[in-house]
Amino acid sequence: MTSELARGSWFLGVLGSMLAVWTVLALFLATGVTLRAHRDDFALVEALDDREVRETRRRHADWQKTLDLAYGSVRSGLVAQAYCTVKDLIAREGDSLEVYQWTFNGMLRWDPPEHAAMLGERFVQRLWEEGRVVDAIELVQRCRKLSTKFTLPAQLLGELAAYARSIGWHGLADELSVR
């Protein structure tokens, strides 16, 4: 098309060449955007601007090393030391809900997984403090299935039961009140 324009006039030829260059550049842009959107599907190497993803992976790898150390303590019979290691990890990360959730999920993979219920006692308290009451109630139910040793302070159980009753979960409220 540009060669036909160039035969008609030099101005149209230059305009046609510019249009052809912009079309090729737009095609490159569209290809790049599509590949970036599906980079996980194609297992492409990360770009320089994926700093946040790399930082999150690095942080999770550090957490995993600490959690592996704690698991080694559990397997050696040093349960108290394992809990101290986990508490140190959580404290080091600012007692954030993210580290609680990640650590709880990691401890669920332990053998036996009921050690996660012991972390659940502190995790429920943090969820309650952050106003995530429904999440706290669901975590209580999950931890009770994991371990019969799972306990919470009576005051917190009472508050959770009152909330459950206020949203119409009367059966759960009775269950929380009994224990």
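Above: the structure in question.
First things first, this report covers the structure right here in the doc. (Residues numbered from 1 in each chain as written. Predicted model: local features only at pLDDT ≥ 70, side-chain atom pairs only at ≥ 80, totals over all residues. Heavy atoms only, no water.)

## What to know about the nonpolar core
- Ranked by internal contacts, the top residues of the largest apolar core, which has 37 residues, are Val86, Val124, Leu152 and Leu160.
- When residues of this core are traced back to their parent elements, those giving at least two are helix H4 (51–75), helix H5 (79–92), helix H6 (97–108), helix H7 (115–129), helix H8 (133–146), helix H9 (154–166) and helix H10 (170–178).
- With near-sequence residues (within four places) excluded, leucine 160 lies in contact with Val124, Trp128, Val133, Ala136, Ile137, Val140, Leu152 and Leu176. (Core = buried A, V, L, I, M, F, W, Y, C linked by side-chain atoms within 4.5 Å. Buried < 20%, exposed > 50% of the residue type's maximum accessible area, 1.4 Å probe, protein only. Helix = DSSP H or I, 4+ residues; strand = E, 2+ residues; numbered from the N terminus. Contact = heavy atoms within 4.5 Å.)

## Observations regarding the side chain of threonine 66
- With respect to the secondary-structure elements, threonine 66 resides in helix H4.
- Residue contacts for threonine 66: discarding those within four places in its chain leaves Thr85, Leu89 and Arg92.

## Quick word on the environment of glutamate 52
- Locating glutamate 52 in the fold gives a position in helix H4.
- C-alpha of glutamate 52 to C-alpha of leucine 119: the two residues are 67 residues apart in sequence and 28 Å apart in space.

## Details of H6
- The end-to-end C-alpha distance of H6, which contains 12 residues, comes to 16 Å, matching closely the 16 Å that a straight helix rising 1.5 Å per residue would cover.
- Among the residues of H6, those classed as buried are Leu97, Val99, Tyr100, Trp102, Thr103, Phe104, Gly106 and Met107.
- Next to the buried residues of H6 lie H4, H5, H7 and H8. (Expected span 1.5 Å × (residues − 1).)

## Comments concerning the packing of H5 against H6
- Between H5 and H6, whose axes approach to 10 Å, the crossing angle comes to 150°. The pairing of H5 with H6 is recorded here as roughly antiparallel in orientation. For the pair H5 and H6, the crossing hand works out as right-handed. Taken together, the residues of H6 that come into contact with H5 (itself represented by Tyr83, Val86, Leu89 and Ile90) are Val99, Tyr100, Thr103 and Met107.
- The class makeup of the residues in the contact of H5 with H6 is seven nonpolar, one polar and no charged. (Axes fitted to C-alpha atoms, helices over the stretch in contact; angles between N-to-C directions. Parallel < 35°, antiparallel > 145°, perpendicular 65-115°, else oblique. Left-handed = near helix turned anticlockwise from the far one by under 90°. Nonpolar A, V, L, I, M, F, W, Y, C, P; charged D, E, K, R; others polar.)

## Digging into unusual backbone geometry
- For the bond running from aspartate 111 to proline 112, omega is 5°, close enough to zero to count as cis.
- Position of proline 112 among the secondary structure elements: in the loop between H6 and H7.
- Residues other than glycine seldom take positive phi values, yet aspartate 95 does so here, at roughly 55°.
- For aspartate 95, the position within the fold is in the loop between H5 and H6.

## Quick notes on the environment of valine 86
- Its location among the elements puts valine 86 in helix H5.
- Note: C-alpha distance between valine 86 and histidine 115 (29 residues apart in sequence) is 11 Å.

## So, the environment of proline 112
- Using a relative accessible area of 28% as the deciding quantity, one classes proline 112 as partly exposed.
- Each C-alpha atom of the pair proline 112 and threonine 31 lies 48 Å from the other, and the pair is 81 residues apart in sequence.

It is worth stressing that arrangement in space is one thing and function is another; only the former is reported here.
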